[in-house]
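What follows is the residue order along each chain.
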Amino acid sequence: MAQRSRPEVPGPREPLSRDRIVGAALVIIDEEGMDALSMRRIAARLGVQAMSLYNHVRSKDDILDGVTEFITTDMHMPQRMTGSWEDGIRSIAYGFRQASLRHPRACELVLMRQLSTPTALAPVDTMIAMMLDHGFDEETAVHALRLFISFQVGTLLRQFHSTSGPAGDAKDGAERESVRTAYFAASGFPAVAKVAPILAVNDHEAEFAFGVELLITALRELAPVGQD
């Protein structure tokens, strides 16, 4: 599948193919979310009958696997990382995040289905191989991978849903932070009130960077002696 930030969906006279079907599905998810996706919606987007999709895909799950594969490929992850394992984790973490942010409504799908297909397993293999190459034991490598996935899921979902709660509808960032600060300060909870100005700010990039470095720091305690 071509490596593009977003698949093209040619006009209805173009031959139907799995790539076109996956592309249409991703466009629907990007524009309207996962709940809007159905075989009928995909077919309508392509100007065909829903049953004709089954000549190229097995099911909706097969299409979702295709979307996962597309976004995973968009990460441009090498089979083997060079340099230190710390830099390898940073590279994988930010590559994963950037690809997910290009398709925010599909990112949860990718994070939850990444063990479903050989293509989607590629970044998993890259991270495990990198840790094994640097002397980490197999159990630690798998635990680190799962912690990494959980961290990615949590930070991305929190970012995508961060407009909920106090001042969630405020359009201006400064206005939203001001309303949230006042809300926390008047909450009646002393600790919350004390950190209200900090708690009111959602700097997702800074929080992500903090978490990545914290993960690396924790893994240094488990790194084999003498390994980079």
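Definitions and cut-offs
- Throughout, residues of each chain are indexed from 1 in the direction in which the sequence is written.
- Local features are withheld for residues below a pLDDT of 70 in this predicted model, meaning they are given only at 70 or higher, and side-chain atom pairs are given and counted only at 80 or more; totals for whole chains, interfaces and linings count all residues.
- The side-chain figures draw on all heavy atoms in the structure; neither hydrogens nor water molecules are used.
- Note on conventions: DSSP H or I runs of at least 4 residues are helices, E runs of at least 2 residues are strands, and numbering of each starts at the N terminus.
- For the exposure calls, accessible area comes from a 1.4 Å probe over protein chains only, and a residue counts as buried if that area is under 20% of its type's maximum, exposed if over 50%, partly exposed in between.
- By definition in these notes, contact holds between two residues if any of their heavy atoms fall within 4.5 Å.
- The accessible surface values rely on the Shrake-Rupley method and a 1.4 Å probe; as for residues, cover is taken only from the protein chains in view.
- Two rings from Phe, Tyr or Trp (for Trp, the six-membered ring) form a pair when their centres are within 6.5 Å of each other. A pair whose planes differ by under 30 degrees is stacked, one over 60 is edge-to-face, and the rest are tilted.
- Both a distance and an angle decide whether a charge sits over a ring: NZ of Lys or CZ of Arg must be within 6 Å of the ring centre and within 35 degrees of the ring normal.
- Buriedness for pockets is judged along seven lines, at least five of which must meet protein on both sides within 12 Å for an open set on the 1 Å grid over protein atoms alone, while cavities are sets there where a 1.4 Å probe fits but cannot get out, and lining residues have an atom within 4 Å of a point.
- Grid points are joined across faces, edges and corners, and a volume is the space filled by probe spheres set on the points.
- Patch definition: residues above 30% relative accessible area lacking any salt bridge, with like charges linked at up to 9 Å and the nonpolar side chains Val, Leu, Ile, Met, Phe, Trp and Tyr linked at up to 5 Å.
- The term salt bridge refers to a side-chain nitrogen of Lys or Arg lying within 4 Å of a carboxyl oxygen of Asp or Glu.
- Structural elements are reduced to axes, namely lines fitted to C-alpha atoms, with helices fitted over the stretch in contact, and the angle between N-to-C directions of any two is expressed from 0 to 180 degrees.
- Angle categories: roughly parallel below 35 degrees, roughly antiparallel above 145, roughly perpendicular from 65 to 115, and oblique for all the rest.
- Two helices cross in a left-handed way if the nearer one is turned anticlockwise from the farther one by less than a right angle. They cross in a right-handed way if the turn is clockwise.
- Under the scheme applied here, ten amino acids are nonpolar (Ala, Val, Leu, Ile, Met, Phe, Trp, Tyr, Cys and Pro), four are charged (Asp, Glu, Lys and Arg), and all others, including Gly, are polar.
- Joining through side-chain atoms within 4.5 Å is the link that ties buried Ala, Val, Leu, Ile, Met, Phe, Trp, Tyr and Cys residues into a set, and such a set is a nonpolar core.

Asks: Is there a simple way to think about the overall build of the protein chain in this case?
Replies: What the protein chain contains, in helices and strands, is 11 helices and zero strands. Its helices and strands taken in sequence order, the protein chain reads α-α-α-α-α-α-α-α-α-α-α from the N to the C terminus. Expressed as a percentage of its 228 residues, the buried residues of the protein chain come to 42%. Residue pairs in contact within the protein chain that sit at least 24 positions apart in sequence constitute 66% of those at least 6 positions apart. For the protein chain, the accessible area works out to roughly 12500 Å², and carbon and sulfur atoms hold 54% of it.

Asks: What is the right way to read the packing of aromatic side chains from this model?
Replies: Two aromatic rings, taken as a pair, are described by how far apart their centres are and by the angle between their planes. Scanning all chains against the criterion turns up five aromatic pairs. A ring pair is formed by Phe96 and Phe148, whose centres lie 6.1 Å apart and whose planes are at 85°; its orientation type is edge-to-face. Note that Phe96 is positioned in helix α4 (residues 85–101) and Phe148 in helix α7 (residues 138–160), a separation of 52 residues in sequence. Both residues of the pair, Phe96 and Phe148, belong to the buried class. Aromatic pair Phe151 and Phe208: ring centres 5.3 Å apart, planes at 20°, arrangement stacked. Highlighted residues: Phe151 in helix α7 and Phe208 in helix α11 (residues 204–220), separated in sequence by 57 residues. By relative accessible area, which is 1% here, Phe208 ends up buried. By the ring-pair criterion, three or more aromatic residues cluster together here, those being Tyr94, Phe151 and Phe208. A cation sits over an aromatic face here: Arg97 above Phe208, 4.7 Å from the ring centre.

Asks: Whenever I open this one, the layout of surface pockets confuses me. Can you help?
Replies: Think of a ball as big as a water molecule: rolled over the atoms, this probe shows where empty space is left. Empty space within the largest pocket amounts to approximately 280 Å³. Mapped onto the lining of the largest pocket, the elements with two or more residues apiece are α5 (107–113) and α7.

Asks: Please clarify how a nonpolar patch on the surface should be interpreted in this entry.
Replies: Side chains of Val195, Ile198 and Leu199 sit close together on the surface and give an oily, nonpolar patch of about 270 Å² of accessible area. The residue Val195 is located in the loop between α9 (190–194) and α10 (196–199) in this model.

Asks: I keep staring at the pattern of salt bridges and nothing clicks. Help me out?
Replies: Side chains bearing opposite charge may pair, as long as their charged atoms lie close to each other. All told, the structure shown has 10 salt bridges when counted by the stated rule. Between Arg18 and Asp62 there is a salt bridge whose closest N-O contact spans 3.0 Å. Here the residue Arg18 occupies a position in helix α1 (residues 18–32), and Asp62 occupies one in helix α3 (residues 60–73), the gap between them amounting to 44 residues. One salt bridge connects Arg45 with Glu31, and the closest N-O pair in it is separated by 3.0 Å. Of the two residues, Arg45 is situated in helix α2 (residues 39–46) and Glu31 in helix α1; the sequence distance between them amounts to 14 residues. Look at Glu31 and you get partly exposed, because its relative accessible area is 41%. Put simply, Arg18, Arg58, Asp62 and Glu69 are held in one network by salt bridges that share partners.

Asks: What am I meant to see in the packing of helix α6 (residues 118–133) against α7 here?
Replies: The angle between the axes and the distance between the axes are what describe a pair of packed helices. Where α6 meets α7, the axes come as close as 9 Å, and the angle between the chain directions of the two elements is 140°. Taken together, the axes of α6 and α7 are oblique relative to one another. Read as a crossing pair, α6 and α7 show a hand that is right-handed. Here Val124, Met127, Ile128, Met131 and Leu132 of α6 come into contact with α7, specifically with Glu138, Ala141, Ala144, Leu145 and Phe148. Residues of the contact of α6 with α7, tallied by class, amount to nine nonpolar, no polar and one charged.

Asks: Just checking my understanding: could you explain the nonpolar core for this structure?
Replies: In globular proteins that are soluble, nonpolar side chains generally tend to be buried together. By size, the foremost hydrophobic cluster in this structure holds 50 residues, and its most contacted members are Ile21, Ile42, Leu53, Val67, Met127, Met131 and Phe148. Put simply, the parts of the chain that give this core at least two residues each are α1, α2, α3, α4, α6, α7 and α11. The residues touching Ile21, leaving out its near neighbours within four places in the chain, are Leu16, Ile42, Leu46, Leu53, His56, Val57 and Ile63.

Asks: What is the right way to read the environment of Val27 from this model?
Replies: With respect to the helices and strands, Val27 occurs in helix α1. Distance in space between the C-alpha atoms of Val27 and Leu37 is 9.7 Å, their sequence separation being 10 residues.

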